[in-house]
Amino acid sequence: MYSVGIITLGCSRNLLDSEIILGSLKRSGFKIVNVEDGADVCIVNTCAFVKDAREESMDVILDAIQLKRVGKVKHLVVCGCLSQLYKEKVAEGPLREVDLVLGTNDFPKISLFLKTLKKGDNRTAVSTRLNYLYDENSPRFLLTPRHYAYVKVSEGCSNFCSYCIISHLRGNFRSRSIESIIEEVNKLSKTGALKEINLIGQDTTSFGIDRYGKIVFPELLRKLCRLKNSVRWIRILYTHPAHYTDELIRAIRDEDKICKYLDLPIQHISDRILKRMDRHTTKIDIMALVEKLRKNIPNIVLRTSIIVGFPGESDRDFGELLEFLRQTRFDRLGAFLYSREKLTKASEFSGQIPEGVKKARYDELMKLQQQISSEINRSFLGREMDILIDEKVEGERDKFLGRTQGDAPEVDGGVYLTGNGLKIGEFCLAKIVDTLEYDLVGEAA
Ligand code: SF4
């Protein structure tokens, strides 16, 4: 049977798809290896959310084609969002050495395709009906360290923000069942090594609206907290400011296992721009939500995402955004330059902003956030905090990197740790002895 290796690009949702791909291949008898060490089959699981991501995907595919030319790889498979967007074109022209193209609805059938794959094949299987939803029986080959895992509560999105192509890549919003998610968490935590689950989707706060006719995210959270297992942290990612309920806020406040951390992408604050983005929320609503979260959930850490340079964004809109961020002081912030995406409403809008202006606004905003982040980090000096230890710092003796409850894996900063008896995948209590712009320095007690 072939040996198979995978290269995953993009977000944690794509990483989870890669885990299902490897899980189903392993179950079918394929050997899972690292591509760098040579593999019969190299799979590139691509991202296509914005132009930069597509270019990165193309570069990685071209690198994999080089591996094929030097005989390090026999067959090349491309899957994920770029395949869904470009379909058979992913195996044409300079990419014609791609043997198999699979869409975001087709990757679960990968074993069947690989078993019949022959040299020189040039096959494409990209469904346009996007309804795939994994469940508790989907085999997963975890690609995260054993102590944390992602759990997708839903797939696709039906919010149709005017700048976003996700619904074209992943289909309309569809929730899993509560029972399926609970069963999956029971399976994932069987080893006792799992300490943290990160709940993901395109819009986790809408969980259940399609399947149960109403949002039941708080109910799911409370049921997950009741499970007797090794999990100490349940983290909520990818929320939508328009879909918070008081019941959700109460659940986050009341349940110790739920991280006092929220990923709350607002994208902008000017009502004019929020309207053009079809964000279905307003400045007043967002300010009220932030105030309510901070009032009801002590020490809540808020992460947000911002798009700068959206079509029609005036100096005044940008000034309003900067002033709001100066006042609100988000703990974590990721900013993105607006990317004009075909298939989206906003790509036809007037008032497209020159790249230079976008970049200047991005730099100004990130400079402000760097300042805010440094100041917020300094407030942790001297405090004792629970740290989940993720890894050893390469090339450093007895130095580890971990995270507080306020740091999501792979996107936020961390805590550089020293101390005795530190173990990867375990918690320790550490005193914060120094602070950096985005990271902390701690000494384990
Ligand atoms: S909420 Fe908006 S930005 Fe997020 S995936 Fe859905 S459509 Fe895209």
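This is a predicted model, so every value here is computed, not measured.

Cut-offs applied
Residues numbered from 1 in each chain as written. Predicted model: local features only at pLDDT ≥ 70, side-chain atom pairs only at ≥ 80, totals over all residues. Heavy atoms only, no water. Helix = DSSP H or I, 4+ residues; strand = E, 2+ residues; numbered from the N terminus. Contact = heavy atoms within 4.5 Å. Domains from an automatic or database assignment. Buried area = accessible area lost by both parts, 1.4 Å probe. Salt bridge = Lys/Arg side-chain N within 4 Å of Asp/Glu carboxyl O. Polar contact = N/O pair within 3.5 Å; in protein donor to acceptor, adjacent residues only side chain to side chain. Disulfide = S-S within 2.5 Å. Buried < 20%, exposed > 50% of the residue type's maximum accessible area, 1.4 Å probe, protein only. Phe/Tyr/Trp six-rings, centres within 6.5 Å; stacked < 30°, edge-to-face > 60°. Lys NZ or Arg CZ within 6 Å of the ring centre and 35° of its normal.

## Observations concerning the environment of Arg 272
Mapped onto the secondary structure, Arg 272 falls in helix H9 (residues 271–276). Counting along the chain gives eleven residues from Arg 272 to Lys 283, while the straight-line C-alpha distance between them is 9.6 Å. Contacts of Arg 272, omitting those with residues within four sequence positions, involve Gly 312, Glu 313, Ser 314 and Asp 317.

## Some points on the domain arrangement of the chain
One widely used convention gives an interface's size as the accessible area the parts lose upon coming together. When its domains are assigned, the chain resolves into domain 1 (3–124), domain 2 (148–378) and domain 3 (384–444). Placing the centre of domain 1 and that of domain 2 at their C-alpha centroids yields a distance of 29 Å. Sorting the residues of domain 1 by area buried against domain 2 places Arg 13, Leu 16 and Phe 49 first, and these three jointly supply 43% of that buried surface. At the boundary of domain 1 and domain 2, one finds three salt bridges. There are eleven residue pairs in polar contact (both at pLDDT 80 or more) connecting domain 1 and domain 2. For the side of domain 1 that touches domain 2, the elements supplying multiple residues, two or more each, are helix H1 (12–27), helix H2 (51–69) and helix H3 (81–86).

## With respect to the environment of Phe 107
Residue position: Phe 107 is located in the loop between strand E5 (100–102) and helix H4 (110–115). Residues Phe 107 and Asp 17, spaced 90 residues apart in sequence, show a C-alpha to C-alpha distance of 8.1 Å. The contact partners of Phe 107, leaving out residues within four places of it in the chain, are Asp 17, Ile 20, Ile 21, Leu 102 and Tyr 132.

## Re the state of the cysteines
Counted under the stated rule, the structure contains zero disulfides. The thiol of Cys 81 is unpaired, and the distance to the nearest cysteine sulfur, on Cys 47, comes to 6.1 Å. Classification of Cys 81 by relative accessible area gives buried; the value is 8%.

## Some remarks on the packing of aromatic side chains
Under the counting rule described, the total for this entry stands at nine aromatic pairs. Put simply, the rings of Tyr 163, Phe 310, Tyr 338 and Phe 349 touch in pairs and so form one group of aromatic residues. Residue placement shows Arg 235 over the ring face of Tyr 261; its charged tip is 4.8 Å from the ring centre.

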